[in-house]
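Geometric and topological summary
Spelled out, the chains give:
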Amino acid sequence: MGVQFDTLDYVKTLTDAGVETAHAEAMARAQVKILGDLVTSELATKSDLKVLKAEILSEISGLRAETKSEFDGLRAELKSEMAVLTSSLQGEFRTELRSLKYGAAIAAFAVSLVVVLIRLIG
């Protein structure tokens, strides 16, 4: 990757300001080297960015798969827990229903006894 630097214009600017031509040319060469080193060591190239993009997309894909796997595990765990709770509640409901039926039977029997007693007394 190159840097656009007009060395001829740079040298002309310096010589117009009173700098000797040899000195101005040396400064222009030094400036080109400094800018080239800066670009080489500090700035990312298109190729660098493409590699970084591929790495980021790969990381995102991995995170997406990991997240999906975790959600699938949580979903299975929740289904299992719901099945246990449902079974437990059904058992409790049956027990309560039997208790209510038994209680209702006892109440019906008691009412029948009261009716028989009323008839006997009355």
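Coordinates for the structure precede this section.
Anyway, here's the lowdown on the structure attached to this text. What you are looking at is a predicted structure, and each value in this text was computed from that prediction instead of being measured.

1. Remarks on the overall build of the protein chain
Summing up its helical and strand segments, the protein chain has three helices and zero strands in all. Written out in order from the N terminus, the α and β elements of the protein chain read α-α-α. Against the 2.2 N^0.38 benchmark of 14 Å for 122 residues, the protein chain shows a C-alpha radius of gyration of 45 Å, more extended than a compact globule. Across its three principal axes, the protein chain shows a C-alpha extent of roughly 140 × 25 × 15 Å.

2. Focus: helix H2 (residues 21-42)
With 22 residues, H2 extends 31 Å from end C-alpha to end C-alpha; this agrees with the ideal 32 Å at 1.5 Å per step. Buried within H2 are the following residues: Ala24, Ala28 and Val39. Looking straight down H2, one finds that the buried residues subtend no more than 45° of arc, so they occupy a single side. Pointing more than 90 degrees away from the buried face of H2 are the exposed residues Ala22, Arg29, Lys33, Ile34, Thr40, Ser41 and Glu42. For H2, the elements touching its buried residues are helix H1 (7-16).

3. Some thoughts on the pattern of salt bridges
A pair can form between side chains of opposite charge whenever their charged atoms are brought close. Tallying each qualifying case throughout the model produces three salt bridges. The partner of aspartate 16 in a salt bridge is lysine 12, and the shortest N-O contact between them spans 3.1 Å. Here the residue aspartate 16 and the residue lysine 12 both occupy positions in helix H1, the gap between them amounting to four residues, near one helical turn.

4. Details of a nonpolar patch on the surface
On the surface, Leu49, Leu52, Ile56, Leu57 and Ile60 cluster together into a nonpolar patch covering about 450 Å² of accessible area. With respect to the secondary-structure elements, leucine 52 resides in helix H3 (residues 46-121). Assessed through its relative accessible area of 42%, leucine 52 is described here as partly exposed.

5. A short note on H1
The opening residue of H1 is aspartate 6, an N-cap whose side-chain oxygen sits 3.2 Å from the backbone nitrogen of leucine 8. Positive phi appears at glycine 18, one or two residues downstream of H1, with a value of about 105°.

6. Here we look at the environment of threonine 95
Assignment of secondary structure puts threonine 95 in helix H3. Residue threonine 95 is classed as partly exposed on the basis of its relative accessible area, which comes to 43%. Expressed as a C-alpha distance, the spacing of threonine 95 and alanine 107, which sit 12 residues apart in the sequence, is 18 Å.

Calculation rules
Positions within a chain are numbered from 1, following the residues in the order the chain's sequence is written. Only residues with pLDDT of at least 70 get local features here, since the model is predicted, and only at 80 or more are side-chain atom pairs given and counted; chain-wide, interface and lining totals rely on the full set of residues. In computing side-chain values, all of the structure's heavy atoms are included and hydrogens and water are not. Working definition: helices are DSSP H or I runs of at least four residues, strands are E runs of at least two. Numbering for both runs from the N terminus. Computation of the radius of gyration draws on C-alpha atoms, with the globule rule given as 2.2 Å multiplied by the number of residues to the power 0.38. Helix span, expected: 1.5 Å multiplied by one less than the number of residues in the helix. Only protein chains enter the accessibility calculation, which uses a 1.4 Å probe; a residue is then buried when its area is under 20% of its type maximum, exposed when over 50%, and partly exposed in between. Directions from the helix axis toward the C-beta atoms define the arc. Contacts are residue-level and defined by heavy atoms, with any inter-residue pair within 4.5 Å sufficient. For this document, the term salt bridge refers to a Lys or Arg side-chain nitrogen within 4 Å of an Asp or Glu carboxyl oxygen. Patches here: salt-bridge-free residues with over 30% relative accessible area, like charges joined within 9 Å, nonpolar side chains (Val, Leu, Ile, Met, Phe, Trp, Tyr) joined within 5 Å. Only the protein chains shown count as cover for residues, with accessible areas throughout obtained via the Shrake-Rupley method and a probe of 1.4 Å. Two N or O atoms form a polar contact when they lie within 3.5 Å of each other; inside protein one atom must be a possible hydrogen donor and the other a possible acceptor, and for residues adjacent in sequence the pair counts only when both atoms belong to side chains.

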